[in-house]
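Commentary on secondary and tertiary structure
Read off the chains here:
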Amino acid sequence: MAKDLIASFGEMLIDFVPTVSGVSLAEAPGFIKAPGGAPANVAIAVARLGGRAAFVGKLGDDEFGRMLAGILRDNGVDDGGVLFDTGARTALAFVTLRADGEREFMFYRNPSADMLLTEAELNLDVIKSASVFHYGSISLITEPCRSAHLKAMEVARQAGALLSYDPNLRLPLWPSPESAREQIMSIWDQADVIKVSDVELEFLTGQESVEDDVVLTLWRPEFKLLLVTLGEKGCKYYTKDFRGSLDGFAVNTVDTTGAGDAFVGAMLRKIVDDQTVLQEEEKLREVLRFANACGAITTTKKGAIPALPNEAEAVELLKRD
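What counts and how
Residues numbered from 1 in each chain as written. Predicted model: local features only at pLDDT ≥ 70, side-chain atom pairs only at ≥ 80, totals over all residues. Heavy atoms only, no water. UniProt positions renumbered as here; feature names shortened; annotations may be inferred. Helix = DSSP H or I, 4+ residues; strand = E, 2+ residues; numbered from the N terminus. Rg over C-alpha atoms; globule rule 2.2 N^0.38 Å. Buried < 20%, exposed > 50% of the residue type's maximum accessible area, 1.4 Å probe, protein only. Pairing = 2+ DSSP bridges. Right-handed = clockwise from strand over helix to strand, strands pointing away. Arc of directions from axis to C-beta. Contact = heavy atoms within 4.5 Å. Phe/Tyr/Trp six-rings, centres within 6.5 Å; stacked < 30°, edge-to-face > 60°. Lys NZ or Arg CZ within 6 Å of the ring centre and 35° of its normal.

Within an unreviewed UniProt entry, the label attached to the chain reads fructokinase, and the organism entered is Musa balbisiana. Taken directly from UniProt, the Pathway (unreviewed entry) text for the chain runs: "Glycan biosynthesis; starch biosynthesis." We quote the UniProt Sequence similarities (unreviewed entry) comment for the chain here in full: "Belongs to the carbohydrate kinase PfkB family."

As structure tokens, this is what we get:
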């Protein structure tokens, strides 16, 4: 494999999204099946933008698991790191955006196959061949997946990969908020690039603010880039040498699921081609504008993976703005 591969590690699942917008899960008259899971979304976002992506994780040896592996392949993602568990189901999540703008989640994973991935099952060849290794925090919740996650990070780091971390906070999955905060921060210092949302920033810092002094409490000297996404308001960026912000794009938002993953995938897709982006502010702003556009486009359709844009769609929005 060439060294421009972006490998994503973690969970892939089925999101069930209500057939009508603005209702609670209990009020929804029906649901549309949408493939999802943040690390898998990122892998497909990269591939859809013309990049080389692989996914490392475990699915149930069931109809949904086989369907998800097929979706990875259909989108051009290398599935050499995918395993199937005969004893556990593929995870399911019911996701809605209520009328008050709050997202509501209900998860079915007790345990799901992704939680049972072991160190011994990791496809180390895929991990070692990646230029960028991307992961979240959901795989830190339980063993044996937590140990597999830590091992995969260690192997990727030793192989010279750039480590990319998007905590992707899902509080209902954690035993407690304290446990979530502690485990998310337990691997914080090891990343090169970290992306948090404004909600995650508030959770991790305990402060209702996106001001620089609050964000910088999460900065570490080893970081190459720290990002805070602000939904439709765009994003803020921080490196050793510069910091700034970029506005978002005005679009007709239908469903925000996957927008952050589209943003991350687009950013990594550009960084993997030219890592000087991390040292040159003008280049970085161009990349983040592209990432903002990809995130915005993803909110215009229901579900995560079906809504992820290709390069032409992103360029079209950039031209229009």
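So much for the structure itself; the text now carries on.
So, on to the overall build of the chain. When helices and strands are counted, the chain shows 10 helices and 13 strands. The C-alpha radius of gyration of the chain comes to 18 Å, within 12% of the 20 Å expected for a compact globule of 321 residues. Each principal axis of the C-alpha distribution contributes one length, and for the chain these read about 50 × 45 × 40 Å. Out of the 321 residues belonging to the chain, those deemed buried represent 57%.

Take the pairing of strand β9 (residues 162-165) next. Alternating residues of β9 divide into L162 and S164 and L163 and Y165, and every residue in both groups is buried. Sheet analysis places strand β8 (residues 130-135) next to β9, joined by four bridges and oriented parallel. What sits directly across from V132, in β9, is L162. Taken together, β8, helix α4 (residues 145-158) and β9 constitute a β-α-β crossover, and its handedness is right-handed. As paired strands, β9 and strand β10 (residues 193-197) are joined by two bridges and run parallel to one another. The residue bridging Y165 from the neighbouring strand is I194, located in β10.

With that out of the way, let us pick up helix α5 (residues 177-186). Listed in full, the buried residues belonging to α5 are S179, A180, Q183 and I184. The arc that holds every buried residue of α5, seen down its axis, measures 125 degrees, which confines them to one face. Along α5, the residues that are exposed and aim more than 90 degrees away from the buried face are E178 and E182. The inward-facing, buried residues of α5 abut α4, β9 and α6 (198-205).

To continue, consider the packing of aromatic side chains. With the rule as written, the count across this model stands at 12 aromatic pairs. Taking the centre distance of 5.1 Å and the plane angle of 85 degrees together, the rings of F31 and F94 count as edge-to-face. Here F94 lies in strand β6 (residues 92-97) and F31 lies in strand β3 (residues 31-36), a separation of 63 residues in the sequence. Ring geometry for W219 versus F223: centroids 5.6 Å apart, planes at 85 degrees, classification edge-to-face. Of the residues examined, W219 reaches a relative accessible area of 18% and is grouped as buried. Of note, K270 hangs over the ring of F290, and the distance from its end group to the ring centre comes to 4.5 Å.

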